[in-house]
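# Structural features, examined
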Amino acid sequence: VAKVPDLTPVFQAPGGKMRLRPLQNVALWEAYNNNGGFLMLGIGEGKTLTSLLLAEAMNSKRAVLLVKPELKAQLIKRDIPLYRKHFNLPLDRIYVVAYSELSSPRKAEILERLCPDLVIADEAHKLRIKSSARTRRFLRFFKKFPETRFVALSGTFLKRSLVDLAH
């Protein structure tokens, strides 16, 4: 793990007791310094909290957080209330969107409507299949708005080879 300062005080809410883990510090530091990134964080290494803090770390005005559909309700009902007790989450600037919403013809233009300056893909391997509707819409958005920053988080980016992520 790279040597970076403990960023907990930067994000900690008054009275917050939780601390950022070393890999979370590195992930936030690297995303900020590189204006985006591919962050490999395995199970239990803090992807959820990291994804919620990235909008603040990167000075985003409007961020879209892409999540697996089965985790969207858990994020909103359980994770956010837990983490907001300990950290200042920029909830006024984060829009949570399920990957399935990108796949839906009725919501095909959701990224354009939200017009984010930062897209955070939790479990980014969900964008691996270039021919899927969600990935095509995602790529079309970035072609139209190339100034949009991107942070991908996953513990399993690759299934077979780097070709999985070439797009």
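Refer to the preceding data block for the structure.
Here is what the cut-offs are and how they apply
- Residues numbered from 1 in each chain as written.
- Predicted model: local features only at pLDDT ≥ 70, side-chain atom pairs only at ≥ 80, totals over all residues.
- Heavy atoms only, no water.
- Salt bridge = Lys/Arg side-chain N within 4 Å of Asp/Glu carboxyl O.
- Helix = DSSP H or I, 4+ residues; strand = E, 2+ residues; numbered from the N terminus.
- Pairing = 2+ DSSP bridges.
- Axes fitted to C-alpha atoms, helices over the stretch in contact; angles between N-to-C directions.
- Buried < 20%, exposed > 50% of the residue type's maximum accessible area, 1.4 Å probe, protein only.
- Polar contact = N/O pair within 3.5 Å; in protein donor to acceptor, adjacent residues only side chain to side chain.
- Contact = heavy atoms within 4.5 Å.

Below, the discussion takes up the pattern of salt bridges. One pass over the structure, following the stated rule, counts nine salt bridges. Residue Glu56 pairs with Arg93 through a salt bridge whose shortest N-O separation is 2.3 Å. Of this pair, Glu56 sits in helix 3 (residues 47-57) while Arg93 sits in the loop between helix 4 (69-84) and strand 3 (94-98); the two residues are 37 residues apart in sequence, bridging distant segments of the chain. A salt bridge links Glu101 to Lys107; the shortest N-O distance between them is 3.3 Å.

Another point: the sheet that holds strand 5 (residues 149-154). The five strands are arranged 1-5-4-2-3 in an open sheet whose pairing can be described as parallel. The open sheet has two edge strands with one neighbour each: strand 1 (37-40) and strand 3. In this sheet, neighbouring strand axes are inclined to one another by 15° on average, regardless of whether the strands run parallel or antiparallel. Relative to strand 4 (residues 118-122), strand 2 (residues 63-67) runs parallel, the two being bridged by four bridges.

Here we come to unusual backbone geometry. Peptide bonds are trans in most cases, and residues, glycine excluded, mostly fall at negative phi. Positive phi values are uncommon outside glycine, yet Asn35 reaches one of about 60°. Within the secondary structure, Asn35 sits in the loop between helix 2 (22-34) and strand 1. Exposure remark for Asn35: the relative accessible area of 44% places this residue in the partly exposed category. The backbone of Asn59 shows a phi angle near 55°, a positive value even though the residue is not glycine. With respect to the helices, strands and loops of the structure, Asn59 is situated in the loop between helix 3 and strand 2.

Within the secondary structure, Lys47 is located in helix 3. Judged by its relative accessible area of 10%, Lys47 falls in the buried class. Polar contacts involving the side chain of Lys47 include one to the main-chain carbonyl oxygen of Leu41, which spans 3.1 Å. Beyond its immediate sequence surroundings of up to four residues, Lys47 is in contact with Leu41, Gly42, Asp122, Glu123, Leu153, Ser154 and Gly155.

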